[in-house]
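Chain by chain, the residues:
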Amino acid sequence: AFFKESFIDELAQAAGIDEVQFRRNLLQRHPRHLAVLDAAVKAAGAAPAGRAHGVALHQSFGTIVAEVAQVSVDGSEIRVHKVWCALDCGIAVNPNIIAQQMESAVVFGLSAALFGEITLKNGQIQQSNFHDYPVLRMNQAPQVETIIIKSAEPPEGIGEPGVPPIAPAVANALFKLNGKRLRSLPLRLS
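Rules used throughout
Residues numbered from 1 in each chain as written. Predicted model: local features only at pLDDT ≥ 70, side-chain atom pairs only at ≥ 80, totals over all residues. Heavy atoms only, no water. Pairing = 2+ DSSP bridges. Helix = DSSP H or I, 4+ residues; strand = E, 2+ residues; numbered from the N terminus. Axes fitted to C-alpha atoms, helices over the stretch in contact; angles between N-to-C directions. Salt bridge = Lys/Arg side-chain N within 4 Å of Asp/Glu carboxyl O. Buried < 20%, exposed > 50% of the residue type's maximum accessible area, 1.4 Å probe, protein only. Parallel < 35°, antiparallel > 145°, perpendicular 65-115°, else oblique. Left-handed = near helix turned anticlockwise from the far one by under 90°. Contact = heavy atoms within 4.5 Å. Nonpolar A, V, L, I, M, F, W, Y, C, P; charged D, E, K, R; others polar.

Here we take up the sheet that holds strand β2 (residues 63–74). Pairing in this open sheet of 4 strands is mixed, and the strands run β1-β2-β3-β6 from one edge to the other. In the strand order of this sheet, the two ends are held by β1 (52–60) and β6 (143–148), each with one partner. For this sheet the average axis-to-axis angle between neighbouring strands, irrespective of direction, equals 20°. Here 6 bridges tie strand β3 (residues 77–88) to β6, and the two strands are oriented parallel to one another.

This is the structure in structure tokens:
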């Protein structure tokens, strides 16, 4: 998802087309994907001054997820303020659990996207536990708004599908803020 959705944004830029419209053009024969994308983008609206919205769409475990990440930068610090997460997982058996799964998926995915790095020194892994392997902390966690698309399709997976779109959504927002494409994880500005 990181490669695909980052590259979709690059293609849109090269074509001179808005990244959301570019995706809409590609999704004309995929109404469920298009509905998810449109729901996330509509819920997010326009980014406030000093912030940018990045978009990503991915399907995994049968569930289609679009995320819009609202991002700002302060020096070399990346801050994700809010994430709108729209999904079509088929029949929503328990909407509260679905929202909780999306919230945790965003936090887990942001931990990987912003901090998830294992380093070696003299052939030995340097990270041993959470004291030297950073994860997203409560004060860094964005607000997550989940939009569940009503569907009559059979229920699909909901545990992991919110993870893949977050890294490319953040990277795409960062490009809008500083004009630089980040093509590797974890995302670093310096």
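The discussion continues.
Evaluation of the coordinates by the stated rule reveals 9 salt bridges. With a closest N to O distance of 2.8 Å, R183 and E10 form a salt bridge. Residue R183 is found in the segment after α5 (166–178), and its partner E10 is found in helix α1 (residues 2–15); the two are separated by 173 residues along the sequence. What makes R183 exposed here is its relative accessible area of 58%. When salt bridges that share partners are traced, they join K4, E5, D9 and R23 into one network.

Interhelical geometry of α1 versus α5 gives an angle of 30° and a closest axis separation of 8 Å. As the angle between them shows, α1 and α5 are arranged roughly parallel. α5 is crossed by α1, and the crossing has right-handed handedness. Between α1, through F2, E5, S6, D9 and Q13, and α5, the contact on the second element is made entirely by A167, P168, A171, N172 and F175. Its residues assigned to classes, the contact of α1 with α5 comprises 5 nonpolar, 3 polar and 2 charged.

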